[in-house]
Amino acid sequence: MKSLLVLFSFHHKNTEKIANVFAKVLDAQIKTPRQIIPEEIQEFSLVGFGSGIYDAKHHRTLLELADKIPQVTDRKAFIFSTSAVMGKDKVSEDHSILREKLQTKGYMIVDEFACKGYNTNSFLRYLGGMNKGRPNAEDLKHAEEFAQNLIQNLQN
Ligand SMILES: Cc1cc2nc3c(=O)[nH]c(=O)nc-3n(C[C@H](O)[C@H](O)[C@H](O)COP(=O)(O)O)c2cc1C
């Protein structure tokens, strides 16, 4: 299974920590959206798209890439993120713009992963931030299990 991770992580590199775990388990390379040649994405049978959540959505460069990639056939994708605030409905909503764009391009979204990330955006920087230390060791373990499950489910 040829896998690729498309990642944009800038605030505290929180999402990069998660992507590094996925990359190891999936034996995947990590690229930023700007490093991707849209036409080449069809080469990968599994692509993980992830970033921090900024203003209730994935990073703009990831959403722009999703607009640029060509229609794919028989290709699978998963979505991941880190964010300040979590909740089942919130994550689902935060992921919805990227999810819909990828589905429009023909991707089957096989799973989604989210965890908390350290946040010092806006006034929080004066208060020491929130979710200090996240993703933590337990989050990274969940990421590892998530990627292992992906492999198992896609092989069956
Ligand atoms: C400009 C900006 C906007 C953000 N907007 C949100 C948001 O709408 N919802 C949320 O839960 N977290 C929000 N956050 C927190 C980030 O999602 C969180 O810190 C994330 O882990 C950053 O990922 P990164 O370090 O990989 O860039 C925001 C952070 C920044 C810097």
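Everything below is about the structure printed above this text.
The paragraphs below set out a description of the structure included in this document. (Residues numbered from 1 in each chain as written. Predicted model: local features only at pLDDT ≥ 70, side-chain atom pairs only at ≥ 80, totals over all residues. Heavy atoms only, no water.)

1. Looking at the site of the ligand
What counts is decided by this rule: What makes a residue near a molecule or strand is one non-hydrogen atom of that residue sitting within 4 Å of it. Polar contact criterion, stated in full: a pair of N or O atoms within 3.5 Å, where within protein one must be able to donate a hydrogen and the other to accept it, and residues adjacent in sequence count only if both atoms are side-chain atoms. The accessible surface values rely on the Shrake-Rupley method and a 1.4 Å probe; as for residues, cover is taken only from the protein chains in view. Put simply, DSSP marks the helices as runs of H or I at least four residues long and the strands as runs of E at least two long, and each gets a number from the N terminus on. Gly counts as polar in this scheme, as do all residues outside two lists: the nonpolar Ala, Val, Leu, Ile, Met, Phe, Trp, Tyr, Cys and Pro, and the charged Asp, Glu, Lys and Arg.
As a structural note, the neighbourhood of the ligand is formed by 21 residues, with Ser9, Thr15, Ile53, Tyr54 and Thr82 the closest of them. In the environment of the ligand, an oxygen atom lies 2.6 Å from a nitrogen or oxygen atom belonging to the side chain of serine 9. Contact with the protein chains removes 88% of the 650 Å² of surface that the ligand exposes when unbound. When contributions to the shell around the ligand are tallied by element, the ones reaching two or more residues are helix H1 (14–26) and strand E4 (76–83). Tallied by class, residues from the shell around the ligand come to 7 nonpolar, 11 polar and 3 charged.

2. Here we look at helix H5 (residues 137–155)
Spelled out, the test is: Helix span, expected: 1.5 Å multiplied by one less than the number of residues in the helix. Under the scheme applied here, a residue whose accessible area is under 20% of the maximum for its type counts as buried, over 50% as exposed, and between as partly exposed, the area being computed with a 1.4 Å probe on protein chains only. Note that the arc is computed from the directions linking the helix axis to the C-beta atoms.
Look at H5: 27 Å from first C-alpha to last across 19 residues, which is about the 27 Å you get at 1.5 Å a residue. Inspection of H5 places Asp139, Ala143, Phe146, Ala147, Leu150 and Ile151 among the buried residues, and these make up the whole buried set. For H5, the angular spread of the buried residues around the axis is 135°, confining them to a single face. Across from the buried face of H5, at angles greater than 90 degrees, the exposed residues are Ala137, Glu138, Asn153 and Gln155.

3. So, a nonpolar patch on the surface
To be explicit about the condition: Residues enter a patch when their relative accessible area is above 30% and they make no salt bridge; the linking distance is 9 Å between like charges and 5 Å between nonpolar side chains (Val, Leu, Ile, Met, Phe, Trp, Tyr). Each salt bridge in this description consists of a side-chain nitrogen of Lys or Arg and a carboxyl oxygen of Asp or Glu lying within 4 Å of one another.
Judged by side-chain polarity, Phe123, Tyr126 and Leu127 come together as a nonpolar surface patch covering roughly 420 Å² of accessible area. Structurally, tyrosine 126 can be placed in the loop between strand E5 (108–116) and H5.

4. A short note on helix H4 (residues 96–104)
Put simply, the rule reads: Working rule for contacts: check all heavy atoms of both residues, and any pair within 4.5 Å makes them a contact.
Taken as a whole, H4 has its buried residues at Ser96, Leu98, Arg99 and Leu102. Projected onto a plane normal to the axis of H4, the buried residues spread over an arc of 160° and lie on a single side. Against the buried residues of H4 lie strand E3 (46–52), helix H2 (60–68), E4, helix H3 (88–94) and E5. Count one or two residues on from H4 and you reach glycine 106, which has phi positive near 105°.

5. What to know about the sheet that holds strand E2 (residues 29–31)
How we decide: When DSSP finds two or more bridges between two strands, those strands count as paired. Note on geometry: axes are lines fitted to C-alpha atoms, helical ones only across the stretch in contact, with angles between N-to-C directions running from 0 to 180 degrees.
Reading across from one edge, E2-E1-E3-E4-E5 is the order of the 5 strands in this open sheet, with parallel pairing throughout. Since the sheet does not close on itself, it has two edges, and those belong to E2 and E5, each with one partner. Each strand of the sheet is rotated relative to its neighbour by a mean of 20°, with strand direction disregarded. Relative to E5, E4 runs parallel, the two sharing 8 bridges.

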